[in-house]
Amino acid sequence: MSEQHPLCEALGIDIDPELLDLALTHRSYAYENGGLPTNERLEFLGDSVLGVVVTDALYRRFPDLPEGQLARRRAAVVNQRALAKVGRHLKLGNYLKLGKGELATKGFDKPSIVSDCVEAVIGAAYISCGMSRTFDLVIRLMTPLIDDLAMLGAGLDWKTSLQELGAAMGHVTVEYRIESSGPDHAKHFIAYAVLGDREWGSGEGGSKKEAEQHAAEQAWRAITAENRAFAVATADPSDPTKPSV
């Protein structure tokens, strides 16, 4: 009996080894090795499966929302940045088969490559295990992102949510300080979210937008945690309407 692939262990599902290998094969590797099959057909399939499962989950989770708002929430969950976050959590970069050029430019961490691989893995799971088990897999992977929708503001992104939180605190704008490094074809950015002379969060990414979103998320969570801790610390135990430990 062959040993289970560590990615299958992380996913909690058995995927056919050949299909999993294909799902992890980026076109850069395939072209450098004699024109092997790539993961793009599986990505196409996985994208459709992902869309169906997430749409179903949102439909049930938000029974009172109209179609337009459901569509916006789906777009906030099923996008490159969100899927790349899922892929990084799974450490997909450790298993990706990339060509030399992509390896040299840290393709294993590029949002486009990682997010496409997530979809390809979902496609491979669908073929290997059927819709029922793949449905459960996608729900496990995407539930944290769906849960985050309850926190996000009208724009359904962390920068908008942080701006709204900052405005409630009396700050007119959120400022982002940007640092960059690396050659033009492989830039790496670090963003720092600043409100009222205080740096609340930082984030990294292959683009300014990605780095700012990560910084905004960290800042939002930090401010929210501090506000919650302050509310608990100043609560009056005799007043049932106030928070208590």
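What counts, and where the lines are drawn
- Residues numbered from 1 in each chain as written.
- Predicted model: local features only at pLDDT ≥ 70, side-chain atom pairs only at ≥ 80, totals over all residues.
- Heavy atoms only, no water.
- Buried < 20%, exposed > 50% of the residue type's maximum accessible area, 1.4 Å probe, protein only.
- Helix = DSSP H or I, 4+ residues; strand = E, 2+ residues; numbered from the N terminus.
- Contact = heavy atoms within 4.5 Å.
- Core = buried A, V, L, I, M, F, W, Y, C linked by side-chain atoms within 4.5 Å.
- 1 Å grid on protein atoms, 1.4 Å probe; cavity = no way out; pocket = protein on both sides within 12 Å on 5 of 7 lines; lining within 4 Å.
- Points joined across faces, edges and corners; volume = space filled by probe spheres on them.
- Nonpolar A, V, L, I, M, F, W, Y, C, P; charged D, E, K, R; others polar.
- Pairing = 2+ DSSP bridges.
- Axes fitted to C-alpha atoms, helices over the stretch in contact; angles between N-to-C directions.
- Disulfide = S-S within 2.5 Å.
- Parallel < 35°, antiparallel > 145°, perpendicular 65-115°, else oblique.
- Left-handed = near helix turned anticlockwise from the far one by under 90°.

**Q** Explain helix H6 (residues 80-89) to me, please; I cannot follow it from the model alone.
**A** Taken residue by residue, H6 has Ala82, Leu83, Ala84, Val86 and Gly87 as its buried positions. In this structure, the buried side of H6 is in contact with helix H4 (40-61), helix H5 (67-77) and helix H8 (111-148). Positive phi appears at Lys91, one or two residues downstream of H6, with a value of about 60 degrees.

**Q** Looking at this structure, I do not really get the nonpolar core. What am I missing?
**A** Inside soluble globular proteins, nonpolar side chains tend to come together where they are buried. Ranked by size, the top nonpolar core spans 43 residues in total, and within it Leu7, Leu11, Ile15, Leu92, Val121 and Met142 carry the most contacts. For this core, the secondary structure elements donating two or more residues are helix H1 (6-11), helix H2 (17-23), H4, H5, H6 and H8. Residue contributions to this core peak at 15 residues, all from H8. Other than its neighbours up to four places away in sequence, Leu7 contacts Leu20, Leu24, Leu90, Leu92, Tyr95 and Val121. If you look at the next biggest cluster of nonpolar residues, it comprises 15 residues, including Trp158, Leu162, Val174 and Ala193.

**Q** Please explain empty space enclosed by the protein as it appears in this structure.
**A** Unfilled space is identified by rolling a water-sized probe across the atoms. Tallied over the entire structure, the rule returns two cavities of 30 Å³ or more. For the second largest cavity, the calculated volume is near 40 Å³. Around the second largest cavity, the lining residues are Leu11, Leu90, Leu92, Val118, Val121, Ile122, Leu137 and Leu141. Looking at the lining of the second largest cavity residue by residue, the class counts come to eight nonpolar, no polar and no charged.

**Q** In this structure, what is going on with the sheet that holds strand E3 (residues 198-205)? I would like to understand it.
**A** Hydrogen bonds between backbone groups are what pair the strands of a sheet, and the pairing can be parallel or antiparallel. Spatially, three strands are ordered E1-E2-E3 in an open sheet, and the strand pairing comes out antiparallel. On the outer flanks of this sheet lie strand E1 (175-181) and E3, each paired with one strand and no other. Strand-to-strand twist of the sheet, defined as the mean angle between neighbouring strand axes without regard to direction, takes the value 20 degrees. When strand E2 (residues 188-195) meets E3, the two strands line up antiparallel, connected through seven bridges. Bridge assignment links Ile190 to a residue of E3, and that residue is Glu204.

**Q** How do you make sense of the environment of Val194 when you look at a structure like this?
**A** Take Val194: it is sitting in strand E2. Here the alpha-carbon distance between Val194 and Ala71, two residues 123 residues apart in the chain, equals 31 Å. Not counting residues up to four positions away in its chain, the partners in contact with Val194 are Val174, Glu175, Arg177 and Glu199.

**Q** Got a minute to help me understand the state of the cysteines in this structure?
**A** Disulfides are covalent bonds that connect the sulfur atoms of two cysteines. One pass over the full model with this rule turns up zero disulfides. Just so you know, Cys117 is unpaired, no disulfide at all, and the nearest cysteine sulfur is the one on Cys8, 12 Å from it. In this structure Cys129 is not part of a disulfide, and its nearest cysteine sulfur, from Cys8, lies 8.2 Å away.

**Q** Which parts of the structure should I look at to understand the packing of H4 against H5?
**A** Between two packed helices, the angle of one axis relative to the other and the distance separating the axes together describe the packing. The geometry of H4 relative to H5 is characterised by a closest axis approach of 10 Å and an angle of 130 degrees between their N-to-C directions. As the angle between them shows, H4 and H5 are arranged oblique. For the crossing formed where H4 meets H5, the hand is right-handed. Note on element contacts: H5 touches H4 through Leu70, Arg73, Arg74 and Val77, opposite Gly51, Val54, Thr55, Leu58 and Tyr59. Taken together, the residues of the contact of H4 with H5 break down into five nonpolar, two polar and two charged.

So, to be careful, I would describe these as geometric facts and stop short of saying anything about function.
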